[in-house]
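Each chain, letter by letter, is given below.
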Amino acid sequence: MIAVWLSELVVFALVVAGILAERPAALAATGGALVAAAALLRFAPPLRTALAAGFARHRAAALAGGAVLALALPLALRASPYWTFVATLALLYVTIGQGLNLQIGTAGVINLAGAAFAGLGGYSVGLLTLSAGWPAWLALLMAPWIAVTVGAVLFVPILKTRGHYLALVTIAFGFIFNILMNNLEFTGGPQGLKNIPTLRLFGWAFTSKPALAGVELPAHANFYYAALLVAGLTTWALRRLHDSWLGLALNTLRDDEIAARCCGVSLTRGKLLAFSIGNLCIGLGGALYAVMVGFVSPPDFDFGYSLVMLSVVIIGGVDSIPGVVLGACLLLPLPERFRFLHEYRLLLYGAVIVVMLLYRPRGLWPAAVRRYR
Amino acid sequence: MSAMTAPILETRRLTVRFGGLVALDGVDVAVGPGETLGVIGPNGSGKTTFFNALTGLYTPAAGEIVFGGRRVTGLEAHAIARLGIARTFQASRLCLALSVFDNILIGMHARRTTGLADSVVRRWRFRREMGAALERAAHLLALFSRELPGRGFEPVGQLPQIDRRRVEICRALAAGPTLLLLDEPSAGMNPEETAELMRDLQIVRAEMPGLSVIIIEHDMFVIEGVSGRVVAFNYGRKIAEGSFAAVAAHEEVRQAYLGTERARA
Ligand SMILES: Nc1ncnc2c1ncn2[C@@H]1O[C@H](COP(=O)(O)OP(=O)(O)OP(=O)(O)O)[C@@H](O)[C@H]1O
Ligand SMILES: [Mg+2]
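The structure displayed is predicted, hence computed values, not measured ones.

(A) Quick look at the overall build of chain B. Scanning chain B from terminus to terminus reveals 10 helices and 10 strands. Taken against the 2.2 N^0.38 rule, which gives 18 Å for 265 residues, the C-alpha radius of gyration of chain B at 19 Å falls within 12% of a compact globule. Projected onto its principal axes, the C-alpha positions of chain B cover 60 × 40 × 40 Å. Per-residue burial for chain B yields a buried fraction of 53% across its 265 residues. When contacts within chain B are restricted to residue pairs at least 6 apart in sequence, those whose partners lie at least 24 apart make up 70%. A total of about 11,500 Å² of accessible surface is found on chain B, and carbon and sulfur atoms cover 53% of it.

Here it is, written out as structure tokens:
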């Protein structure tokens, strides 16, 4: 158990050091240490199996340790509001990634318009608060359902289709969404929606600076904790759905539609359910994003971001719940850390998808056999 | 089947067309409770099409299917499955990446009583049901082999051919069907494996005496060994019906098989 916590702590320390290292030498040192740690695991199978066994045996302790470290992260990053923001973004991508993974990974519903469904959530929050005058928290609860409804109404007729047809239609949908947002009057056109009011819960405004254990944190830490809660809850719920009759039925539909139907699985119901639950998570992520940054505009939800969401799923591991968490935590911060990569971000994501599909199609953390625990 | 018992399944003038091709042509077949019906016929004679029509994968152009006293013609495949028709496929249709247990548990999909809320928040209910389901899956596997239950959490793709066929039969049985359709279970097997399969089928027969079975087979030893009554198809039509000996001796059946043998040669 101690070993489990210790290894978690080492990774945490290295990551924080890697983020905060200013001088190239320090950065190189921590980067080198991370690579060395990864290589050690890769090329020392006994160590790897021992560690894996340890984590499996002390699963609860490992999760608790991870939770404590996740809670402590804003403390470690308190000097940098920017990095607190990036960490929050990664958590939003965990939420979105879980939804997308249920669609693509579990059910084989290839949705390449993740950004558009996040945008539906984000724009809904904007319109509900600015035009309808709803409080942010209520808009936040409502917005994901709008993403679900739009998705269900538009896609019911084609969810059943096989092969790449659905994927193509979702790409088209993504572009249409963007064009509409750019041109419609009430969504603010290219300027988008500005000054979305911030979240206010029990009198606490999310723009005020919180303090943890007597240490003042940047205001973004509010959203960090909100996003952590949401990401934790969606991951927990989707893990349980995946390891249940639903996950099994969706996997079977994905792998052999005819066999599934002959076992009593309804194709329409299964795919619609997966699509809707997925869009609920994606819309929620987009809605939280809108409240966090306070404005939404068309480029925030363009095809490039659909690609980012897709790579989170593919890198982490298709159909793998922990894989999505890993994928989001790797993929979002990395280009931010290496700003020179930022320019070529989309190129990088595209390349990463191709390389992964070629050499490690099941992802960094492949889906495990379902044990129904 | 005695004339007294009502059939569990009855087709009347069942017809399936693919464009101009009549793949099934006015077929009348009846199966009684607990009966095993053998279906033979040369390649392309419409045997699999018959199963696909029964299970709702193909929509009949004419005729009707009555199952358990209910007209099921035109129902969707999943709805028919829920009424109690389970099947295996000529070319295996297992999900090779999923575990052996997963491939059997999906057979119990229609019998589940716990829903999404039970899966997430009232997890204990789901765990209780799933525990029983896993036990049932292991029990079904144990009918055929002593080692298989222990390999339940391995991907089914790691099993040898004969065991995969067994898993597929277990999946069909897991649904608790009243009618089981087996589409050439011995396809691609060597004589030893076929003998094992025969034994497996006899186990199924002994364990579930009330279950009605329709079995398509090319292997005449299997047909003779397991089925009471046999029907023969040719060009989508039923050309003979009766005991194995009678059908095998039937002139048109001999012609049909001779014809294909010649065509192959
Ligand atoms: N989906 C389909 N579309 C078009 N034609 C089909 C389809 N399914 C079957 N057929 C045709 O219907 C005829 C009967 O095919 P079927 O598969 O039922 O034969 P079978 O008796 O099962 O043969 P085998 O012993 O080779 O399995 C064949 O001519 C086949 O080509
Ligand atoms: Mg056939």
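The structure having been displayed, the exposition proceeds.
(B) Broad picture of the domain arrangement of chain B. Residues and elements named next belong to chain B. When its domains are assigned, chain B resolves into domain 1 (1-84 + 177-265) and domain 2 (95-176). Here the C-alpha centroids of domain 1 and domain 2 sit 27 Å apart. On the domain 2 side, the residues contacting the 21 residues of domain 1 number 13 residues. Both sides together, the interface formed by domain 1 and domain 2 hides about 1,400 Å², and carbon and sulfur atoms give 70% of it.

(C) Representation of the domain arrangement of chain A. Residues and elements named next belong to chain A. Split by domain assignment, chain A resolves into domain 1 (1-76) and domain 2 (81-359). A C-alpha centroid distance of 27 Å is found between domain 1 and domain 2. With 10 residues of domain 1 at the contact, the number on the domain 2 side is 12 residues. Taking both sides of the interface into account, the surface hidden between domain 1 and domain 2 amounts to around 940 Å²; carbon and sulfur atoms contribute 69%. Among the residues of domain 1 in contact with domain 2, Ile19, Pro74 and Leu75 are the three that bury the most area, contributing 53% of the side total. Counting the contacts that link domain 1 with domain 2 gives zero salt bridges. Inspection of the region where domain 1 meets domain 2 yields two residue pairs in polar contact (both at pLDDT 80 or more). Breaking the side of domain 1 that touches domain 2 down by element, the ones donating at least two residues are α1 (2-20) and α4 (59-76). A total of six residues in the side of domain 1 that touches domain 2 trace back to one element, the largest contributor, which is α4.

(D) The arrangement of the confidence of the model for chain B in detail. The share of residues in chain B with pLDDT of 70 or more is 96%, and the mean pLDDT across the chain is 92. For this predicted complex, the interface confidence comes out at an ipTM of 0.94, alongside a pTM of 0.93.

(E) Expanded view of the sheet that holds strand β1 (residues 9-18) of chain B. Residue and element names in this part refer to chain B. Pairing is antiparallel in the open sheet, where four strands are placed in the order β2-β1-β4-β5. The sheet terminates laterally at β2 (21-31) and β5 (70-71), the two strands that pair on one side only. Taken together, the two bridges between strand β4 (residues 62-67) and β5 define a ladder with antiparallel strand orientation. From the neighbouring strand, phenylalanine 67 faces β5, where its bridge partner is arginine 70. The sheet contacts of helix α1 (residues 47-54) involve β1, β2 and β4, and relative to β1 the element is tilted by about 110°.

Quick notes on the rules
Residues numbered from 1 in each chain as written. Chains lettered and ligands numbered in written order. Predicted model: local features only at pLDDT ≥ 70, side-chain atom pairs only at ≥ 80, totals over all residues. Heavy atoms only, no water. Helix = DSSP H or I, 4+ residues; strand = E, 2+ residues; numbered from the N terminus. Rg over C-alpha atoms; globule rule 2.2 N^0.38 Å. Buried < 20%, exposed > 50% of the residue type's maximum accessible area, 1.4 Å probe, protein only. Contact = heavy atoms within 4.5 Å. Areas by Shrake-Rupley, 256 points an atom, 1.4 Å probe, with all protein chains shown as cover. Domains from an automatic or database assignment. Buried area = accessible area lost by both parts, 1.4 Å probe. Salt bridge = Lys/Arg side-chain N within 4 Å of Asp/Glu carboxyl O. Polar contact = N/O pair within 3.5 Å; in protein donor to acceptor, adjacent residues only side chain to side chain. pLDDT = per-residue confidence, 0-100. Pairing = 2+ DSSP bridges. Axes fitted to C-alpha atoms, helices over the stretch in contact; angles between N-to-C directions.

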